[in-house]
Amino acid sequence: MTTKLYQKDVYIRTWSARVTGCRTDDEGAILYLDSTAFFPEGGGQSCDTGYIEFCLNDEPRIIKVTDVQEDGDEVAHRAEGAVFPPEGTEVTCSLNWARRFDNMQRHCGEHILSGIFYSRCGGVNRGFHMGEDYMTIDISLEEDPGNPEFSRPEVIDEELAAECELMANRVIWSDAPVHVFRFDSRAEAEKMPLRKKLAFDEDISIVCVGSPEEASDCVACCGTHPGTAGQVGLIKILKVENYKGMFRIFFEAGERALKDYAFKHRMLTDLAGEYSSSVEDFPARLKAQEHKIAELKNNLFTVKKAYLAGEQVRLDKMLADTTGPLLFTLDNMSMDDAFTLAKNYMGKPACMGRLILIYVPGETSFILVSDGNPHCGKLVKEYASFYKGKGGGSDTNARAIFSSEEDAMLFADLLDKHLR
């Protein structure tokens, strides 16, 4: 059996051990040690990483531990390196402490927040995920909180989430002790004030935030946690979503929560500065700016509508004064505006049995429109590919798209010659 030092003291960072087994493969090696503080992946928590140092032929060596998994009663360490220590070698191990403490803060934060949702509103944690960018818990409102001060709500809204967040942080500020109790039998473990039923019968670890008599949370868990709630530092709920009849709580804890706040505060400060506003006045300033933009959009729509009406008069005059296919240039507009203009001619007598190509300078495409004769979609399908173009449409309208303005104009010239 591997002696699991992380069960005895989560603050061990370096230790000595002996290699009890080593096997190599294409990815490196799997090492077994007689004792380890490397926590193996489990209980929703990622594994520890770090380094193993040893001497081989009086030459110092170091290999990197990248993955740790339980293997029966032993712990398997995935290692990367050029040379690996054979069985019986004495080694010195060191944790990536930043990763370990990050996991401790986040995992304990999850315990505290889950315990608060349970005691505040009878919310049972039915799922936990510790991701790289955030953590989630899936809370099912299914039990009576058993507290005369609270009753089971119908939903977890922003107001209730904020209340639970504050209660969780008050647990942190109280610096409540975090105890790990180990039991050999279910009967002994069930004497604890558990918020969740046990799923196994022996070798049971119970994590209790606060004393068993006045616990903020008490649940079976094999992960690593700090000695006091105060070391979690901070819990911040990011958002709440409905999820399969439950409520998915997105949140962060510890240094990650602080970094998230710092990033968003800096972003908000920068945005407020762009509007020459303080952070406090920024929402009102932004709302006023949005109102101004809405007015400008309305004015632009009115002006654009009048402009297109004038362009339609110009196009009608050109149709009356010319014969054959007509290339019409629509200045200072977009292709969407060109399509709006084209709608006035699709399948209508105003086309006078002719093809109209509406072109916007700077674009590399045309809107083709007719009364159905000639067939716009067929023209694009048959001739656009001559100039590396593509597109399609119906008998009364189509769009032809090219990679360059030169190719677009060659296509227009071809249609003019073909149809004339």
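The preceding data block contains the structure.
Only a predicted model underlies this, so the values are computations on that prediction, with no experimental measurement involved.

For the rest of this paragraph, the subject is the nonpolar core. Ile 112, Leu 113, Phe 117, Ile 156, Ile 235 and Ile 249 are the most contacted members of the largest nonpolar core, which has 33 residues in total. Elements supplying a minimum of two residues to this core: helix H1 (97-121), strand S10 (135-141), helix H2 (158-173), strand S12 (204-211), strand S14 (235-243) and strand S15 (246-253). With seven residues, H2 is the single largest residue contributor to this core. In this structure Ile 112 touches Ala 168, Val 171, Ile 172, Val 209, Ala 229, Val 232 and Ile 235, once residues within four positions along its chain are discounted. By size, the runner-up hydrophobic cluster in this structure holds 27 residues, among which are Val 10, Ile 52, Val 65 and Val 91.

What follows deals with helix H5 (residues 282-321). Between its first and last C-alpha atoms H5 spans 57 Å; for 40 residues at 1.5 Å apiece the expected length is 58 Å, and the two agree. When we look at burial in H5, the residues that qualify are Phe 282, Leu 308, Glu 311, Leu 315 and Leu 319.

What follows is about the sheet that holds strand S18 (residues 365-369). One open sheet accounts for five strands, arranged S16-S17-S18-S20-S19; its pairing is mixed. A single partner strand is all that each edge strand has here, and the edge strands are strand S16 (326-329) and strand S19 (390-393). Here the strands of the sheet are splayed against their neighbours by 20 degrees on average, with no regard to which way each runs. Of the strands in this sheet, S16 and strand S17 (356-359) are in contact with H5, which crosses S16 at around 155 degrees. Along the sheet, helix H8 (residues 405-419) makes contact with S16, S17, S18 and strand S20 (397-401), crossing S18 at roughly 25 degrees.

Turning our eyes to something else, we now look at the environment of Phe 39. When you line up the elements, Phe 39 lands in the loop between strand S4 (35-36) and strand S5 (50-56). The class for Phe 39 is buried, based on a relative accessible area of 2%. Linking Phe 39 and Ala 342, residues 303 residues apart in sequence, is a C-alpha distance of 68 Å. Those residues in contact with Phe 39 that lie beyond four places of it in its chain are Tyr 6, Gln 45, Ser 46, Cys 47, Asp 48, Val 68, Arg 100, Cys 222, Gly 223 and Thr 224.

Turning to the sheet that holds S5, a few remarks are in order. Within the closed barrel, the six strands sit side by side as S2-S3-S7-S6-S5-S8. Their pairing is antiparallel. This sheet shows a mean twist of 45 degrees between the axes of neighbouring strands, independent of strand direction. Examined bridge by bridge, S5 and strand S6 (residues 59-71) share seven bridges and lie antiparallel to one another. Across the sheet, Ile 52 pairs through a bridge with Ile 63, a residue of S6.

Note that Thr 224 resides in the loop between strand S13 (214-220) and S14. For Thr 224, the side chain forms a polar contact with the side chain of Gln 45, separated by 2.8 Å. If near-sequence neighbours (up to four positions away) are discounted, Thr 224 is found in contact with Tyr 6, Val 10, Phe 39, Gln 45, Arg 100, Asn 103, Met 104 and His 107.

Bringing unusual backbone geometry into the picture now. Put simply, Asn 373 and Pro 374 share a cis peptide bond, and its omega is 10 degrees. Relative to the helices and strands, Pro 374 resides in the loop between S18 and helix H7 (376-383). The backbone phi angle of Asp 175 is positive, close to 55 degrees, even though this residue is not glycine. Residue placement: Asp 175 occurs in the loop between H2 and strand S11 (178-183). Although it is not a glycine, Asn 332 sits at a positive phi angle of roughly 60 degrees. For Asn 332, the position within the fold is in the loop between S16 and helix H6 (335-342).

This paragraph deals with the packing of H5 against H6. Where H5 meets H6, the axes come as close as 10 Å, and the angle between the chain directions of the two elements is 55 degrees. By the angle between their axes, H5 is oblique relative to H6. The element H5 and its partner H6 pack so that their crossing is right-handed. Judged by residue contacts, Lys 304, Leu 308 and Gln 312 of H5 engage Asp 337, Thr 340 and Leu 341 from H6. Taken together, the residues of the contact of H5 with H6 sort by class into two nonpolar, two polar and two charged.

This part is about the packing of aromatic side chains. Aromatic ring pairs are reported here in terms of the distance separating the ring centres and the angle at which the planes meet. As enumerated under the stated definition, the model contains ten aromatic pairs in all. Geometrically, the ring pair formed by Tyr 383 and Phe 386 is edge-to-face, given 5.6 Å between the ring centres and 90 degrees between the ring planes. Every member of this aromatic cluster is reached through a ring pair, and the members are Tyr 359, Phe 366, Phe 402 and Phe 411. Looking at Lys 239, its charged tip hangs above the ring of Phe 250, at a distance of 4.6 Å from the centre. Arg 248 extends its terminal NZ or CZ atom over the ring of Tyr 243, reaching a point 3.6 Å from the ring centre.

Calculation rules
- Residues numbered from 1 in each chain as written.
- Predicted model: local features only at pLDDT ≥ 70, side-chain atom pairs only at ≥ 80, totals over all residues.
- Heavy atoms only, no water.
- Core = buried A, V, L, I, M, F, W, Y, C linked by side-chain atoms within 4.5 Å.
- Buried < 20%, exposed > 50% of the residue type's maximum accessible area, 1.4 Å probe, protein only.
- Helix = DSSP H or I, 4+ residues; strand = E, 2+ residues; numbered from the N terminus.
- Contact = heavy atoms within 4.5 Å.
- Expected span 1.5 Å × (residues − 1).
- Pairing = 2+ DSSP bridges.
- Axes fitted to C-alpha atoms, helices over the stretch in contact; angles between N-to-C directions.
- Polar contact = N/O pair within 3.5 Å; in protein donor to acceptor, adjacent residues only side chain to side chain.
- Parallel < 35°, antiparallel > 145°, perpendicular 65-115°, else oblique.
- Left-handed = near helix turned anticlockwise from the far one by under 90°.
- Nonpolar A, V, L, I, M, F, W, Y, C, P; charged D, E, K, R; others polar.
- Phe/Tyr/Trp six-rings, centres within 6.5 Å; stacked < 30°, edge-to-face > 60°.
- Lys NZ or Arg CZ within 6 Å of the ring centre and 35° of its normal.

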